[in-house]
2 protein chains.
Amino acid sequence: MEFWFEFASTYSYPAAMRIEQDAAAAGVAIEWKPFLLGPLLNQQQGLTDSPFNAVPVKGRYMWRDLERICDRQGLALNLPSIFPQNGLRAARLVLALPPEARPEFVRAVYLANFAEGSDISSEATLSRILLRLGHDPDALADRAASETVKQDLKDNTARAAALGIFGSPSFVTDDGELFWGNDRLDFALDWASGKTQLKTIQEVEAP
Amino acid sequence: MEFWFEFASTYSYPAAMRIEQDAAAAGVAIEWKPFLLGPLLNQQQGLTDSPFNAVPVKGRYMWRDLERICDRQGLALNLPSIFPQNGLRAARLVLALPPEARPEFVRAVYLANFAEGSDISSEATLSRILLRLGHDPDALADRAASETVKQDLKDNTARAAALGIFGSPSFVTDDGELFWGNDRLDFALDWASGKTQLKTIQEVEAP
């Protein structure tokens, strides 16, 4: 199952922290797919900022809801002074890493953003994380700045749009079923592991 | 716990169909609170239509997601040709009924909208439902058109806005905790029955 995520996304933090464990329990392999949500929000909704900033009443609710969710999951929550943070550099670094090293790095970046209140757009923060995880920050910064990796991230974002993705986290099963939101991770894993299918064969047409 | 609902809301349908049973199992009493979401969406987000119509990519996802949710819950889903439907008349009828008669009527209206594809803005549809449930449709139509009931619905909608509500279904516990969405019904019942509280005493300030 594909796990599509944008680093600035608040609800992607609890999802990223639990998906590997939950997917292993369900016997589902996860492909980690970073993308940029900003361009999609702009194309699809004309937004130039997070919807949680654009609609304050939704933002206030989201921060409280996130606090409750993190508390239930035993996750720290300490917000940075900037929201949303720019996740471009971090997303490129994900793609510069070998696939097997990505989950650990992604979790560390989400923790830096939402538990430590660090600036994840800064090279210093990201280099510190890479070093701690045993990687070569300079070599990876070079690789992340390459045309290949830049294009990979653009391709991911275009693919996300083509899949009908409009938010993060999103999950796409092998048979193309899209699930949106941390709330849907369990459903998506049920679907991916064959535990859930539509009992009734019907396609609902939007009126 | 208060259950705040707007009849046009799609995700409120599965919530309305299960809340009485789930709340009884959790030992939580429910107060059914109809309100009009349209004025709130307009005031808070400048919307003049359902966000699912305003943002087609979200609408397409929602209909598929609703199909999956109804299927898991054993609920029929047959959409009316109009979305969203105007729930004003039905909402006033809820308030015209005595409190103990409201849940059954609300469920019947949601079924008419989303399972039977009926026009719930029409007096004929609503009178048929009232008659079937053993009420006097004419007397209730008169009562629903009274200034008292009109004002009650206006007061509910103003109260919803004051509580920070921006969508339906929403749940508000006795201690003022707001939960939004069918996905949060179980959390809200846990909270209302004292099973869940924040383990850490902290208020997260939005940056």
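Details of the structure are given in the entry above.
Calculation criteria
- The written sequence of each chain sets the order in which its residues are numbered from 1.
- As they are written, the chains are lettered A onward and the ligands numbered 1 onward, keeping that order.
- Since the coordinates come from a predicted model, pLDDT governs what is reported: local features require at least 70, and pairs of side-chain atoms require 80 or more to be given and counted, while whole-chain, interface and lining totals use all residues.
- With hydrogens and water stripped out, all remaining heavy atoms of the structure feed into the side-chain values.
- Each helix is a run of DSSP H or I of at least 4 residues and each strand a run of E of at least 2, with the numbering of both proceeding from the N terminus.
- Atoms considered for the radius of gyration are the C-alpha atoms alone. The globule rule reads 2.2 Å times the number of residues to the power 0.38.
- Contacts were defined at the residue level, with two residues in contact if any of their heavy atoms lie within 4.5 Å.
- Salt bridge, as used here: a side-chain nitrogen of Lys or Arg that lies within 4 Å of a carboxyl oxygen of Asp or Glu.
- Three labels apply to residues, based on accessible area from a 1.4 Å probe with only protein chains included: buried if under 20% of the type maximum, exposed if over 50%, partly exposed otherwise in between.
- Using a grid of 1 Å spacing that covers the protein atoms alone, one calls a set of points a cavity when a 1.4 Å probe fits there but cannot get out, and a pocket when the set is open and has protein on both sides within 12 Å along at least five of seven lines; lining residues are those with an atom within 4 Å of a point.
- Grid points are joined across faces, edges and corners, and a volume is the space filled by probe spheres set on the points.
- Nonpolar residues are Ala, Val, Leu, Ile, Met, Phe, Trp, Tyr, Cys and Pro. Charged residues are Asp, Glu, Lys and Arg, and all others, Gly as well, are polar.
- Copies are brought into register by a least-squares superposition over C-alpha atoms of residues with pLDDT of at least 70 in both.
- Paired strands are those between which DSSP finds at least two bridges.
- Here an angle of 0 to 180 degrees is reported between the N-to-C directions of two axes, which are lines fitted to C-alpha atoms, with helices fitted over the stretch in contact.
- Buried area: the accessible surface (1.4 Å probe) lost by two parts on joining, summed over both.
- Residues adjacent in sequence count toward polar contacts only when both atoms are side-chain atoms; beyond that, a polar contact is any pair of N or O atoms within 3.5 Å, and within protein one must be able to donate a hydrogen and the other to accept it.

Trainee: Before we go on, may I ask you to explain the overall build of chain A in this structure?
Mentor: Counting its regular elements, chain A contains ten helices and four strands. Its helices and strands in sequence order give chain A the pattern β-α-β-α-α-α-α-α-α-α-α-β-β-α, from N to C terminus. Relative to the compact-globule value of 17 Å for 207 residues, chain A shows a C-alpha radius of gyration of 17 Å, a close match. When the backbone C-alpha atoms are referred to their principal axes, chain A occupies close to 55 × 40 × 35 Å. Sequence-distant contacts, at least 24 apart, represent 72% of the contacts inside chain A between residues at least 6 apart.

Trainee: Can you help me understand the pattern of salt bridges in this one?
Mentor: Between side chains of opposite charge, a pair can form as their charged atoms come close. Evaluated as defined, the whole model comprises 28 salt bridges over all chains. Linking Arg18 of chain A and Asp22 of chain A is a salt bridge whose minimum nitrogen-to-oxygen distance equals 3.0 Å. Taken together, the residues Arg18 of chain A and Asp22 of chain A, both in helix 1 (residues 12-26) and four residues apart, mark about one turn of the helix. A relative accessible area of 24% means that Asp22 of chain A is categorised as partly exposed. Between Asp183 of chain B and Arg184 of chain A there is a salt bridge whose closest N-O contact spans 2.7 Å. With Asp183 of chain B in the loop between strand 4 (178-180) and helix 10 (185-192) and Arg184 of chain A in the loop between strand 4 (178-180) and helix 10 (185-192), this pair bridges two chains. Residue class for Arg184 of chain A comes out buried when judged on its relative accessible area of 3%. Each of Arg64, Asp65, Glu67, Arg68 and Asp183 of chain A together with Glu177 and Arg184 of chain B takes part in one network of salt bridges that share partners.

Trainee: Sorry, what's going on with the layout of surface pockets here?
Mentor: With a probe scaled to a water molecule rolled over the atoms, the places where space remains empty come into view. Its boundaries defined by the atoms lining it, the second largest pocket holds a volume of some 490 Å³. If you trace the second largest pocket, you find 18 residues lining it, with Asp183 and Phe187 of chain A together with Asp183, Asp186 and Phe187 of chain B closest to the centre. Mapped by element, the contributors of at least two residues to the lining of the second largest pocket are helix 4 (56-73) and helix 10 of chain A together with helix 4 (56-73) and helix 10 of chain B. Partitioning the lining of the second largest pocket into residue classes produces four nonpolar, four polar and ten charged.

Trainee: I keep staring at the relation of the copies chain A and chain B and nothing clicks. Help me out?
Mentor: There are two copies of the chain, and a rotation about an axis plus a shift along that axis relates them. The transform that puts chain A on chain B rotates by 180 degrees and translates by 0.0 Å along the axis, for an RMSD of 0.0 Å. Within this description, the copies of the chain are treated as partners about a two-fold rotation axis. Considering only C-alpha atoms, the part of chain A nearest the rotation axis is Asp183 of chain A, at 3.5 Å.

Trainee: Before we go on, may I ask you to explain the sheet that holds strand 3 (residues 170-172) of chain B in this structure?
Mentor: Strand pairing in a sheet takes place through backbone hydrogen bonds and is either antiparallel or parallel in direction. Residues and elements named next belong to chain B. Across the sheet, four strands lie side by side as 2-1-3-4; this open sheet has mixed pairing. For this open sheet the edge positions go to strand 2 (31-34) and strand 4, each flanked by a neighbour on one side alone. Across the sheet, the axes of successive neighbouring strands diverge by a mean angle of 20 degrees, strand direction being ignored. Sheet topology note: the strand 3/strand 4 ladder contains three bridges and is antiparallel. Bridge pairing links Phe171 to Phe179 in strand 4.

Trainee: Even after reading the chapter, I still don't get the interface of chain A and chain B, so can you show me in this structure?
Mentor: How big an interface is tends to be stated in terms of the accessible area lost upon association of its parts. With 42 residues of chain A in contact, the opposing surface of chain B contributes 42 residues. Summing both sides of the interface, chain A and chain B together bury roughly 4100 Å²; the carbon and sulfur share of this comes to 54%. Scanning the region where chain A abuts chain B turns up ten salt bridges. Across the contact surface, chain A and chain B share twelve residue pairs in polar contact (both at pLDDT 80 or more). At the level of elements, helix 2 (37-45), helix 4, strand 4 and helix 10 of chain A are the ones that each hand at least two residues to the side of chain A that touches chain B. A total of eleven residues in the side of chain A that touches chain B trace back to one element, the largest contributor, which is helix 4 of chain A. Across the side of chain A that touches chain B, the residue classes tally to 20 nonpolar, eight polar and 14 charged.

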